[in-house]
Amino acid sequence: MSPTMFPRRPRRPTLVLALLVVPSVAALACKPRERAAAPPAAAGQTALSDAQIAHIAVTANSIDSAMGELAKSKARSAAVRDFAQTMITDHGGVNRQAVQLATRLNLTPEANDVSRQLQRGADSARASLSSASGAAFDRAYIAREVEYHQAVLDALDKTLVPNAKNAELKTLLQSVRPAFVAHLERAKQIQSTLGNR
């Protein structure tokens, strides 16, 4: 985590941020404010296995890290660039931790409809964001991040924790929630300063 945003806590192998993203986030990988239909797991039709949750998590963290790279290169606002760097650092670090934990648990992440939908949505969002520039890019990127992090928090509470079967995984999912709250609050604060510039 970024030392400027979060106090350091003792590190332990965790899926931390990685495992917080679930089906409802697939809708947010689309253009800002554009929603996709709820995926099957979000609608309660299919339970997610720990291996599927792991794949969703790695996919989602890779997506947000890549979006951070895009924002770091295109953003006009220093605050947006700083936020983007935090997303690169935090989500990249979480993916490394996720791989370590999955290895230790002998858990092979399993591709699934949700992780595939996340990637398709991210590809669409990236194309949309890539065509924006200047202040319009800053507003679109931060709007997406606000929606994305809110969806992650909702998904954590409503889908991931309830679907996690491994007790260690479930505990870790619950312990990372404050970091997502901090990301969301920071994104909202930045959003309020961008206005209609």
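This text goes with the structure placed above it.
What comes next concerns the included structure. (Residues numbered from 1 in each chain as written. Predicted model: local features only at pLDDT ≥ 70, side-chain atom pairs only at ≥ 80, totals over all residues. Heavy atoms only, no water.)

A separate point is the packing of aromatic side chains. All told, the structure shown has 2 aromatic pairs when counted by the stated rule. Relative to Tyr141, the ring of Phe83 has its centre 6.4 Å away and its plane inclined at 65 degrees; by these criteria the two rings are edge-to-face. Separated by 58 residues along the polypeptide, Phe83 in helix 3 (residues 78-104) and Tyr141 in helix 5 (residues 134-163) bring together distant segments of the chain. Here Phe137 and Tyr141 contribute two aromatic rings whose centre-to-centre distance is 6.1 Å and whose plane-to-plane angle is 5 degrees, an arrangement assigned as stacked. (Phe/Tyr/Trp six-rings, centres within 6.5 Å; stacked < 30°, edge-to-face > 60°. Helix = DSSP H or I, 4+ residues; strand = E, 2+ residues; numbered from the N terminus.)

Next up on the list: helix 7 (residues 177-194). The first and last C-alpha atoms of helix 7 sit 26 Å apart over 18 residues, in line with the 26 Å expected at 1.5 Å per residue. Restricting attention to buried positions, one finds in helix 7 the residues Ala179, Phe180, His183, Leu184, Ala187, Ile190 and Leu194. Summarising the axial view, the buried residues of helix 7 lie within an arc of 135 degrees, below the 170-degree limit, and thus occupy one face. Those residues of helix 7 that are buried lie in contact with helix 3 and helix 5. Gly195, located one to two residues past helix 7, shows a positive phi value of around 50 degrees. (Expected span 1.5 Å × (residues − 1). Buried < 20%, exposed > 50% of the residue type's maximum accessible area, 1.4 Å probe, protein only. Arc of directions from axis to C-beta. Contact = heavy atoms within 4.5 Å.)

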